[in-house]
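Overview (structure and organization)
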Amino acid sequence: MIGLISATAAGAAARDRLAAAWPDRTRVYDGPVGDAVRAAFAECEQLVCFLATGATVRLVAPLLRDKASDPGVVCVDEGGRFAVSLVGGHGGGANELAREVGEVLGAEPVVTTATDAVDLAGLDTLGLPVEGDVAGVSRALLDGEAVALRTDVAWPLPPLPVRGEGAYTIRVTDRLVASAEREVVLRPPTLVVGVGASKGAPWEEVLGLVEGALREAGLSAASVAGLATVDAKAEEPGIVAAAGLLGVPLVTYAAEELARVEVPNPSAAPLAAVGTPSVAEAAALVGGGELLVPKRKSAMATCAVVRRPGRGRLAVVGLGPGARDLLTPRAKAELRRASVLVGLDQYVDQIRDLLRPGTRILESGLGAEEERARTAVAQARRGQAVALIGSGDAGVYAMASPALAEASDDIDVVGVPGVTAALAAGAILGAPLGHDHVSISLSDLHTPWEVIERRVRAAAEADLVVTFYNPRSRGRDWQLPKALAVLAEHRAPGTPVGVVRNASRADESSRVTTLAGLDPATVDMMTVVTVGNTATRTVAGRMVTPRGYRWQTEPKEQGR
């Protein structure tokens, strides 16, 4: 819960705006400001104080105890211009809260945490348990000192400016090891513990068995992602309590599903009791992985431990037509999250400044699309967080198709939409896509011209607005005239045609002409050509295709 405190009418107005935007996340504290701050500090995970920073410092200072447990505190000034992360930037989530408050109130977030200031992922913000010299290793990263990354298990981390060797180390492991001097240990949730128990098994026995199995195998309890068991034991008190004390979820599976899992130690006892020859081993192995600890038994419980390494992540990101303000916030977030970026060299140049320090860039030139797709998938299969970029929307004549054709279900794939060239050009031309429309690429490098021509003819006969991608290049100068001739068989010479080159970029140019008036020689590969249908009109120099046709020809009914 986020506590909201204000002292003036202007502060109360901004406070109420935030409360209205987040009704389920916020609680307003009225009354004397000092009492309100003390109550909110004790009861809430975060505070937003619509007060001066000096006043907030004096009120909060006596309440501070531990950066790991203190709530995050954000200050918003009287004018609502700034949202200042004051206390608990990382541990209390105040940095992110300041950004969220800024979005709602139109305020500028002010974040002074060193790693955030230089756009470096904080080691204590990765969502993983962290041990060791966080401050020292973070300082080394900030100062550009050599920091080595040691990964005992693969995990899709964000970019970090690490090197092969160094005096400082970041270790990613689920092993039961203590952090060395100048070392940070990150604990990824790679371990799944399958458990079974007789009715009434005490939680002490279940928890002791699990902790003992982990300890003897040299595995860290901090890397346990969850306990798993059969549906019939979903409410077994000892198992439920053990999961709660470990702070992990309890996942259950139907006996029929567990019975299909091959295990090294099946038994007749669970088969008779719950309908599957294995509970602990099978429940741990449902999602695959390496069985590190085969079934262990106590008087009333069983457990087994499986390692499931982190799945690599491939984000296929559309960069839009080129203008920075047409790059979506989601695309920016994925670029910042990726530790590996794969893309065409000229597209990489467009967004290089948005990448976090430590991002590994794998770029190549035109014609290497399939190679880039294979590279991106291969990197994701190594457990990396990968962004594969394309212009416009990555799913429209771009990188999504070859990448997804290459990828299997062993990695996570995320599609990030972008503003397409057709949409960017359409917005410049007016509203040419107001009714049914189709996009056709005139490049015959991968598609035979006979197929392309058949599609153009079908669009012409169906009276669809047509947007031509890849309309003309130095080596392909006859396809556009041929396509226009096909359309001319079904449309009048005066049909509006829009021509946009480098939509949204600094050297953007556009014009509206006609089907008869378009000179194909003025078109190149950086151009999008949009041909209207029989209803498209030019209105005040803009192309307009009406949403409907009937209203243009039929009289309106009485009373409408």
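Anything mentioned here points back to the structure above.
Definitions and cut-offs
- Residues numbered from 1 in each chain as written.
- Predicted model: local features only at pLDDT ≥ 70, side-chain atom pairs only at ≥ 80, totals over all residues.
- Heavy atoms only, no water.
- Phe/Tyr/Trp six-rings, centres within 6.5 Å; stacked < 30°, edge-to-face > 60°.
- Helix = DSSP H or I, 4+ residues; strand = E, 2+ residues; numbered from the N terminus.
- Buried < 20%, exposed > 50% of the residue type's maximum accessible area, 1.4 Å probe, protein only.
- Lys NZ or Arg CZ within 6 Å of the ring centre and 35° of its normal.
- Pairing = 2+ DSSP bridges.
- Right-handed = clockwise from strand over helix to strand, strands pointing away.
- Axes fitted to C-alpha atoms, helices over the stretch in contact; angles between N-to-C directions.
- Parallel < 35°, antiparallel > 145°, perpendicular 65-115°, else oblique.
- Contact = heavy atoms within 4.5 Å.
- Nonpolar A, V, L, I, M, F, W, Y, C, P; charged D, E, K, R; others polar.
- Core = buried A, V, L, I, M, F, W, Y, C linked by side-chain atoms within 4.5 Å.
- 1 Å grid on protein atoms, 1.4 Å probe; cavity = no way out; pocket = protein on both sides within 12 Å on 5 of 7 lines; lining within 4 Å.
- Points joined across faces, edges and corners; volume = space filled by probe spheres on them.
- Salt bridge = Lys/Arg side-chain N within 4 Å of Asp/Glu carboxyl O.

**Section: the packing of aromatic side chains**
Counting across every chain of the model gives 2 aromatic pairs. Ring centres of Tyr397 and Tyr469 lie 4.7 Å apart, and the angle between their planes is 50 degrees; this geometry places the pair in the tilted category. On the criterion of sequence distance, the pair formed by Tyr397 in the loop between β19 (385-390) and α15 (400-406) and Tyr469 in strand β23 (residues 465-469) is long-range, its members being 72 residues apart. The class for Tyr469 is buried, based on a relative accessible area of 10%. Taking 5.1 Å as the distance between ring centres and 70 degrees as the angle between the ring planes, the aromatic pair formed by Trp449 and Trp478 counts as edge-to-face. With a gap of 29 residues between them, Trp449 in helix α17 (residues 449-461) and Trp478 in the loop between β23 and α18 (479-488) connect regions that are remote in the sequence. Given the relative accessible area of 42%, Trp478 is considered partly exposed. Between the NZ or CZ atom of Arg25 and the centre of the ring of Trp22, over which it lies, the distance is 4.3 Å.

**Some remarks on the pairing of β23**
With 5 of 5 residues buried, β23 is to be regarded as a mostly interior element. Along β23, one buried face is formed by Val465, Thr467 and Tyr469 and the opposite face, lined by Val466 and Phe468, is buried too. Note: strand β22 (residues 437-441) against β23, 5 bridges, orientation parallel. Looking at β23, one finds that His437 is bridged to Val465. For the segment spanning β22, α17 and β23, crossover handedness is right-handed. Both β23 and strand β26 (residues 527-531) contribute to a ladder of 3 bridges, which runs antiparallel. Each residue of the ladder has a partner; that of Thr467, found in β26, is Thr530.

**Focus: the packing of helix α1 (residues 9-21) against helix α4 (residues 94-105)**
One can describe the packing of α1 onto α4 by two numbers: an axis separation of 10 Å at closest approach and a directional angle of 100 degrees. With respect to each other, α1 and α4 are oriented roughly perpendicular. Of the residues in α4, those in contact with Ala14, Arg17, Leu18 and Ala21 of α1 are Val101, Val104 and Leu105. The class makeup of the residues in the contact of α1 with α4 is 6 nonpolar, no polar and 1 charged.

**Observations regarding the nonpolar core**
Residues Val193, Val195, Val210, Leu214, Leu227, Cys303 and Val305 are the most contacted members of the largest nonpolar core, which totals 23 residues. Mapped by element, the contributors of at least two residues to this core are β11 (191-197), α7 (203-216), β12 (224-230), α8 (237-246) and β15 (301-307). Sort the elements by how many residues they give to this core and α7 lands first, with 6 residues. In contact with Leu227, other than residues within four places in its own chain, are Val193, Val195, Ile239, Ala242, Ala243, Leu246, Val248, Pro249, Leu250 and Val251. Core analysis: the second largest hydrophobic core is formed by 21 residues, Ile440, Leu442, Leu480 and Ala483 among them.

**Digging into the sheet that holds strand β5 (residues 82-87)**
With respect to topology, 6 strands assemble into an open sheet ordered β2-β1-β3-β4-β5-β6, the strand pairing being mixed. The sheet is open, and its two edges are formed by β2 (26-28) and β6 (108-110), each paired on a single side. Each neighbouring strand pair of the sheet contributes to a mean axis angle of 25 degrees, computed without reference to strand direction. Here helix α2 (residues 33-43) sits on the sheet in contact with β1 (2-6), β2, β3 (46-50) and β4 (72-76), set at roughly 175 degrees to β1. Across the sheet, helix α3 (residues 53-60) touches β3, β4 and β5, and the angle it forms with β5 is around 25 degrees.

**Describing the environment of Gly196**
Inspection of the secondary structure assignment puts Gly196 in strand β11. Gly196 gets classed as buried once you look at its relative accessible area, which sits at 8%. The sequence separation of Gly196 and Asp393 amounts to 197 residues, and the corresponding C-alpha distance is 49 Å. With residues near it in sequence (within four places) discarded, Gly196 still touches Thr229, Ile239, Val279, Ala280, Met300, Ala301 and Thr302.

**Here we look at the layout of surface pockets**
In this structure, the largest pocket encloses a volume near 1,500 Å³. Along the walls of the largest pocket sit 46 residues, with Tyr347, Glu369, Tyr397, Asn470 and Met525 positioned nearest its centre. Residues of the lining of the largest pocket, tallied by class, amount to 21 nonpolar, 17 polar and 8 charged.

**Looking at the pairing of strand β14 (residues 290-297)**
Pairing of β14 with β15 involves 5 bridges; the strand directions are antiparallel. Each bridged residue has a counterpart across the sheet, and for Val293 the counterpart in β15 is Val305. What sits between the antiparallel neighbours β14 and β15 is a turn of 3 residues.

**With respect to helix α6 (residues 134-142)**
For an α-helix the count is 3.6 residues per turn, leaving residues at separations of three or four pointing the same way. Those residues of α6 not exposed but buried are Gly136, Val137, Ser138, Ala140 and Leu141. Structurally, α6 contributes buried residues whose contacts are with β8 (147-151), β9 (168-172) and β10 (183-186). After α6 finishes, the residue Gly144 shows a positive phi value of roughly 75 degrees.

**Remarks on the pattern of salt bridges**
Counted under the stated rule, the structure contains 25 salt bridges. Asp30 serves as the salt-bridge partner of Arg15, at 3.4 Å between the closest nitrogen and oxygen. Taken together, the positions of Arg15 in helix α1 and Asp30 in the loop between β2 and α2 put the pair 15 residues apart, joining distant regions of the chain. Residue Asp30 is classed as exposed on the basis of its relative accessible area of 58%. A salt bridge links Glu489 to Arg457; the shortest N-O distance between them is 2.8 Å. Of this pair, Glu489 sits in the loop between α18 and β24 (496-501) while Arg457 sits in helix α17, and the two are 32 residues apart along the sequence. Its relative accessible area of 51% is what places Glu489 among the exposed residues. Of the residues examined, Arg457 reaches a relative accessible area of 25% and is grouped as partly exposed.

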